[in-house]
Amino acid sequence: MNFPFFVCILGSSSAMPAFGRNTSAQVLSHNSRLFLLDCGEGAQLQFRKYQFRNSRLDAIFISHLHGDHIWGLPGFLTTLSLSNHLEPLVIYGPKGLKNLVEHMIVASQSFIKYPLEIIEIEPSNSFPYIVYENKGLQVSCFPLQHRIECYGFLFQEKPKRARFMYYEAKRDGIPKEYYSLLKNGAALVLQNGLEIAANQYLGEAPPSFSYAYCTDTRYSDSYLPYIQGATVLYHEATFTQEFLVRAEETAHSTAQEAALAAKTAGVEQLIIGHFSARYRYLDTFLAESQSIFANTELAIEGRMFPIPPPAILPLTEGLEDASNHDRTTPDFE
Ligand SMILES: [Zn+2]
């Protein structure tokens, strides 16, 4: 996909794989660097299926330690090693993650050849705080409202460089050797006496965009300030409104609540996912969310969402119309 910033859904099922849906995992791509968001069972298969390259993976962000968000880690991490991946990899997540991953590696006598660092989020910190940054992107974390310690992440592009007005500089006969100085906004006096003011050949900086990842969580206004104005929000919607009580019991959200979060936070686009395994069809999720927040999309596996969303939205895959729940309630959702 020729977008500098996009997210690809690898899994969107809550608790267990169901109806062809894998458990939670997403790939976020920014300027060709990749980030894995949660690592549910099967994440490595999906990562390969959608042809992402190991060598571009820089970090993994784990929201919480429920199995449907982490059971893919042992396979993912060891396959990387078996594939002769040698670049450093960092995993960010809640307390207990380091212990868990190290035990899995030691108990299975696996060997990780690449430098692997696990950084646990300190719950006593004041939020939001930046857990990761590179040249163009910073990632901050903030607490969500789940049954166990759980964090959301905001992936925010750093301010971009102003556009260099190449044609204007060429038109004015500025020698090329000055271009790099002009790109940095320098004020100059050329040899022929021509004076150039600071930023004279700089246009507007392109806007920066952001992606907020909120799963798993009971809907609450506690985390909305952290995602205010995000370009695209992924928010869990484990249930339809019919199962609001179950959502409250299990500290999850309904599609309408996800939509309310999107509306209140003033985001541009909402992606809903983490669908309960009781639902074969997802049309009710979409309808309920769109009744509150029109620009909602379903987290269908393999779908890629550009950030910002394009002016013309891609067609939503055909969603069959059928009654929703035809399965017994799983043990946890
Ligand atoms: Zn959970």
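Refer to the structure presented above.
About the thresholds
Residues numbered from 1 in each chain as written. Predicted model: local features only at pLDDT ≥ 70, side-chain atom pairs only at ≥ 80, totals over all residues. Heavy atoms only, no water. Buried < 20%, exposed > 50% of the residue type's maximum accessible area, 1.4 Å probe, protein only. Helix = DSSP H or I, 4+ residues; strand = E, 2+ residues; numbered from the N terminus. Polar contact = N/O pair within 3.5 Å; in protein donor to acceptor, adjacent residues only side chain to side chain. Contact = heavy atoms within 4.5 Å. Donors = N, O, S within 2.8 Å, 3.2 Å for Na, K, Ca; no water. Tetrahedral: all angles 85-135°; square planar, octahedral: opposite > 155°, others 65-115°. Pairing = 2+ DSSP bridges. Right-handed = clockwise from strand over helix to strand, strands pointing away. Salt bridge = Lys/Arg side-chain N within 4 Å of Asp/Glu carboxyl O. Axes fitted to C-alpha atoms, helices over the stretch in contact; angles between N-to-C directions. Left-handed = near helix turned anticlockwise from the far one by under 90°. Nonpolar A, V, L, I, M, F, W, Y, C, P; charged D, E, K, R; others polar.

> Tell me about helix H9 (residues 255-265), residues and numbers included.
If you check which residues of H9 are buried, you get Ala255, Glu257, Ala258, Ala259, Ala261, Ala262 and Ala265. At the C-terminal side of H9, Gly266 shows a positive phi close to 65°.

> Give a description of the side chain of His66 that names residues and reports values.
Position of His66 among the secondary structure elements: in the loop between strand E4 (57-61) and helix H2 (67-70). There is a polar contact of 3.3 Å between the side chain of His66 and the side chain of His64. With near-sequence residues (within four places) excluded, His66 lies in contact with His146, Arg147 and Ile148.

> Let's hear about the coordination of the zinc ion: which residues, and what values?
Bound to the zinc ion on the protein side are His64 (NE2), His66 (ND1), His146 (NE2) and Asp216 (OD), at distances that span 2.2 to 2.3 Å. Bound by four donor atoms, the zinc ion shows angles of 90 to 172° at the metal and therefore irregular coordination geometry. As a motif over one chain, the donors of the zinc ion read H-x1-H-x79-H-x69-D. A residue pair is termed long-range when its members are at least 10 positions apart, and His64 in the loop between E4 and H2 and Asp216 in the loop between strand E12 (210-214) and helix H7 (224-227) qualify at 152 residues. Both residues of the pair, His64 and Asp216, count as buried.

> Can you explain the pairing of strand E3 (residues 33-39)? Please cite residues and give values.
Most of E3 sits inside the fold, with six of its seven residues counted as buried. With six bridges joining them, strand E2 (residues 25-30) and E3 adopt antiparallel strand pairing. Across the sheet, His30 pairs through a bridge with Arg33, a residue of E3. The hairpin turn running from E2 into E3, its antiparallel successor, is two residues long, and Asn31 in that turn takes a positive phi close to 50°. As judged from the four bridges shared by E3 and E4, these two strands associate in the parallel manner. Directly across from Phe35, in E4, lies its bridge partner Ala59. Handedness of the crossover is the feature at issue here: the chain leaves E3, passes through helix H1 (residues 43-49), returns alongside E4, and the resulting connection is right-handed.

> Give me the pattern of salt bridges: which residues, what numbers.
Inspection of the entire model under this criterion finds ten salt bridges. A salt bridge links Arg218 to Glu257, with the shortest nitrogen-to-oxygen separation between them at 2.6 Å. A residue pair is termed long-range when its members are at least 10 positions apart, and Arg218 in the loop between E12 and H7 and Glu257 in helix H9 qualify at 39 residues. For the pair shown, Arg218 and Glu257 are each scored as buried. Between Glu249 and Arg246 there is a salt bridge, with the nearest N and O atoms lying 3.5 Å from each other.

> If you had to explain the pairing of strand E7 (residues 129-133) to someone new, which residues and values would you point to?
Both E7 and strand E8 (residues 137-143) contribute to a ladder of four bridges, which runs antiparallel. The residue of E8 that forms the bridge with Glu133 is Gln138. Between the antiparallel neighbours E7 and E8 lie three residues.

> With reference to specific residues and values, describe the sheet that holds E8.
Read across the sheet, seven strands follow the order E7-E8-E9-E12-E13-E14-E15 without closing on themselves; strand pairing throughout is mixed. Edge positions in the sheet fall to E7 and strand E15 (296-298), since each has one partner strand and no second. Pairwise comparison of adjacent strand axes, ignoring direction, gives a mean angle of 20° for this sheet. One ladder, built from four bridges, connects E12 with strand E13 (residues 232-236); its direction is parallel. Paired with Tyr213 across the strands is Tyr234, a residue of E13.

> Got a sec to walk through the packing of H9 against helix H10 (residues 283-290)? Specific residues and values, please.
Helix-helix packing: each pair is described by the crossing angle between the helix axes and the interaxial distance. Packing of H9 against H10 brings their axes to within 8 Å, and their N-to-C directions diverge by 40°. Handedness of the H9/H10 crossing: right-handed. Contacts between H9 and H10 involve Ala255, Gln256 and Ala259 on the former and, on the latter, Phe285, Glu288 and Ser289. Broken down by class, the residue content of the contact of H9 with H10 amounts to three nonpolar, two polar and one charged.

> Before we move on, can you summarise unusual backbone geometry with the specific residues and values?
A cis amide bond, omega -5°, links Phe127 with the succeeding residue Pro128. Backbone torsion omega between Ile307 and Pro308 reads 5°, so that peptide bond is classified as cis. Located in the positive-phi region is Phe19, a residue other than glycine, with phi close to 50°. When you line up the elements, Phe19 lands in the loop between strand E1 (5-11) and E2. Even without a glycine there, the phi angle at Ala251 is positive, about 60°. In this fold, Ala251 is placed in the loop between helix H8 (244-250) and H9. On the basis of relative accessible area, Ala251 is assigned to the buried category, the value being 11%.

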